[in-house]
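Tertiary structure, described
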Amino acid sequence: LRSAAAGELGAYEGANCTKFVRGARLRLPDGAVPKLTVHFMPHTHWDREWYAPFEQMRRQLVHTLDSVVVALQRHAHVRHFHLDGQSSPLEDYLFIREQHHAHNLAGRKVRHLVNASRLNLGPLFTQPDEFLASPEALVRNFRYGTYVARSYGYRWPPEAAPAITVAHMLDQFGHIGQIPQLLRQHGIEVMIMARTGNSAPQLMHWRGSDGSVVLLAHVPGWYCNGKSLDNTFRHVTPASMASAVNALRAKIRELQAMSETSHIMLMYGCDHSAPSPKLGDILAAATPELAKEGTLLLVSRPEDYAAMVVQEHLERQRVAHWSQLSLPFTNGRQSGQRSMSFYPRDATTPSALLEHLRGRHNLRVRATGGGGGGGGARARRAARRHLARPHVRRRGHRALLRVR
């Protein structure tokens, strides 16, 4: 992004090059300037432990990353795969694979892919719920996640010193007001998020509680905006390749309607998903077909998308640095769209949450404590009874009332 601010952001040497070429511009194969650039991002959103125990999720992770390694090695068009802005999936995978001498080769392959910036990870170790984790845990999450990414050789740009300039934080149910401060302290200037609704601006300034400012890039259509393509891609045959390309074209048009710039991010993948074995063939067939329509299909990383969106804004407004851009401002905490329908983000204490639940679910309890009346104990028992209801358990909010 610093190179973008200096006006040095270049293009790709080709649709599948792994690094920017400074001083160049994005071009189609015929030399024309593309009307639309699609940043196609194969990824998986990984929950370390959610609806299944940790060991079961890790076993599934090993199978998923095995297929990712195969896809990256066999298909030249699958240039990158993104691990959802986390470093923990790589550690969990290598913990299993490197236990046995027979699988050491898999570990070496993964390290090589990370070092080549083809398997992307960090800066977080794991994506936390920021309203439940302690301040120290959040700071260490960034520090350890960045340390793990660098220890495996991940770097951006590839030819520069290790650096991660974009935070990929798509699935948190809201963000605390101190996140801009944490990002700037770790040298990160841009955060990409998705839980803001499709009407949110594609790019805006975010001023944190201490006055720190970062750029907030929005992914229209959520982080699973390409999930609907998976069923078509997995069952594609040479005879149905045209239908797969048409499905991709339709999805691009859908996302283009939500974009303010000539760049869109199409995230192929979703929760715990592996890429289709046919993904490379589909990209090879779709790239020249879309180029005929003036659309450039790039297999990109979050850094690529953010840098090019920022560059387009810089050129439109004729300013030299992103801090000078005239963009909408948002301040303080950011609410998660899906979670707001259930509980308020400022209900960070049992008393505040119980007050909300009492009004919403007719809980006849007093959220008071102290003294000899036992009001606090009654409130906690009532809250636990509420959280034991099946519809609440399914929504995953049981941890909200872990009373200190």
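Our structure is the block above this text.
Below, the structure is looked at part by part. Treat the numbers as computed from the prediction; the structure is a model and nothing was measured.

Conventions and cut-offs
- Residues numbered from 1 in each chain as written.
- Predicted model: local features only at pLDDT ≥ 70, side-chain atom pairs only at ≥ 80, totals over all residues.
- Heavy atoms only, no water.
- Pairing = 2+ DSSP bridges.
- Helix = DSSP H or I, 4+ residues; strand = E, 2+ residues; numbered from the N terminus.
- Axes fitted to C-alpha atoms, helices over the stretch in contact; angles between N-to-C directions.
- Disulfide = S-S within 2.5 Å.
- Buried < 20%, exposed > 50% of the residue type's maximum accessible area, 1.4 Å probe, protein only.
- Salt bridge = Lys/Arg side-chain N within 4 Å of Asp/Glu carboxyl O.
- Expected span 1.5 Å × (residues − 1).
- Left-handed = near helix turned anticlockwise from the far one by under 90°.
- Contact = heavy atoms within 4.5 Å.
- Nonpolar A, V, L, I, M, F, W, Y, C, P; charged D, E, K, R; others polar.
- Arc of directions from axis to C-beta.
- Core = buried A, V, L, I, M, F, W, Y, C linked by side-chain atoms within 4.5 Å.
- Phe/Tyr/Trp six-rings, centres within 6.5 Å; stacked < 30°, edge-to-face > 60°.

**Topic: the sheet that holds strand β10 (residues 263-268)**
Backbone-to-backbone hydrogen bonds pair the strands of a sheet. The strands run either parallel or antiparallel. On the basis of which strands lie adjacent, the open sheet formed by three strands has the order β10-β3-β11 and parallel pairing. Across the chains shown, the open sheet's two edge strands, defined by having one partner strand only, are β10 and β11 (295-299). Strand-to-strand twist in this sheet, taken as the mean axis angle between neighbours without regard to direction, amounts to 25 degrees. Inspection of the sheet shows strand β3 (residues 36-42) paired to β11 by five bridges, in the parallel sense. Looking at β11, one finds that His39 is bridged to Leu298.

**A short note on the state of the cysteines**
Two cysteines, two sulfur atoms, one covalent bond between them: this is a disulfide. Summed over all chains, the structure comprises one disulfide. Shown here is the disulfide that connects Cys224 with Cys270, its sulfur atoms set 1.9 Å apart. Negative torsions about the S-S bond denote left-handed disulfides, and the value of about 75 degrees found for Cys224 with Cys270 makes this one right-handed. With a gap of 46 residues between them, Cys224 in the loop between β9 (213-218) and α7 (229-234) and Cys270 in the loop between β10 and α9 (279-291) connect regions that are remote in the sequence. Take Cys224 and Cys270: they sit in the same class, and that class is buried.

**Here we look at the sheet that holds strand β12 (residues 329-331)**
Strand order in this open sheet of five strands is β6-β7-β9-β8-β12, and the pairing throughout is mixed. Sheet topology places β6 (166-168) and β12 at the edges, where each strand pairs with a single neighbour. On average, adjacent strands in this sheet sit at an angle of 30 degrees to one another, irrespective of strand direction.

**Some thoughts on the pattern of salt bridges**
On inspection of all chains with the given rule, the structure shows 11 salt bridges. Linking Arg301 and Asp304 is a salt bridge whose minimum nitrogen-to-oxygen distance equals 3.2 Å. As far as the burial class goes, Arg301 and Asp304 line up, both buried. Here Arg316 and Glu312 are joined by a salt bridge, their closest N and O atoms 2.8 Å apart. Within this pair, Arg316 and its partner Glu312 are both found in helix α10 (residues 302-317), separated by four residues, close to a single helical turn.

**Observations regarding α10**
The first and last C-alpha atoms of α10 sit 23 Å apart over 16 residues, in line with the 22 Å expected at 1.5 Å per residue. Counted residue by residue, α10 has 13 buried out of 16 residues, so it is predominantly covered.

**Quick notes on the pairing of β11**
Most of β11 is tucked away: five of the five residues are buried. Both faces of β11 are covered, namely the face carrying Thr295, Leu297 and Val299 and the face carrying Leu296 and Leu298.

**As for the packing of helix α8 (residues 241-256) against α9**
At a minimum axis separation of 10 Å, α8 and α9 run at an interaxial angle of 65 degrees. Here α8 runs over α9; the crossing is right-handed. In this structure, α8 contributes Met241, Ala244, Val245, Leu248, Arg249 and Ile252 to the contact, and α9 contributes Asp281, Ile282, Ala285, Ala286, Glu289 and Leu290. Looking at the contact of α8 with α9 residue by residue, the class counts come to nine nonpolar, no polar and three charged.

**Focus: the environment of Asn231**
Residue placement: Asn231 occurs in helix α7. Overall, Asn231 belongs to the exposed group, its relative accessible area being 53%.

**Thoughts on helix α5 (residues 135-151)**
The end-to-end C-alpha distance of α5 is 24 Å, a good match for the 24 Å that 17 residues give at a rise of 1.5 Å each. All of the buried residues along α5 are Leu138, Asn141, Phe142, Gly145, Thr146, Val148 and Ala149. Along the long axis of α5, the arc covered by the buried residues comes to 160 degrees, so they all point the same way. More than 90 degrees from the buried face of α5, the exposed residues found are Pro135, Arg140, Arg143 and Tyr147. Buried residues in α5 make contact with α3 (88-97) and α6 (179-185).

**Things to note about the nonpolar core**
Judged by nonpolar contacts, the single largest core of 46 residues is most densely connected at Phe40, Leu119, Phe233 and Leu248. Apart from the residues lying within four places of it in its own chain, the contact partners of Phe40 are Phe233, Leu248, Leu266, Tyr268, Leu279, Leu283, Leu297, Leu298, Val299 and Ser300. Core analysis: the second largest hydrophobic core is formed by 24 residues, Leu170, Val190, Ala194 and Met267 among them.

**Observations concerning the packing of aromatic side chains**
Taken as a whole and assessed by the stated rule, the structure comprises six aromatic pairs. Taking 5.2 Å as the distance between ring centres and 55 degrees as the angle between the ring planes, the aromatic pair formed by Trp50 and Tyr51 counts as tilted.

**Comments concerning the pairing of strand β8 (residues 203-207)**
With four of its five residues buried, β8 lies for the most part within the structure. Here β8 runs beside β9; their pairing, made up of five bridges, is antiparallel. Within β9, the residue paired with Leu203 across the bridge is Ala217. Count of turn residues in the β8/β9 antiparallel hairpin: five residues, of which Gly211 carries a positive phi of about 95 degrees. One ladder, built from three bridges, connects β8 with β12; its direction is parallel. In the strand pairing of β12, Arg207 is matched with Asn331.

All quantities given are derived from atomic positions and should not be read as evidence of function.
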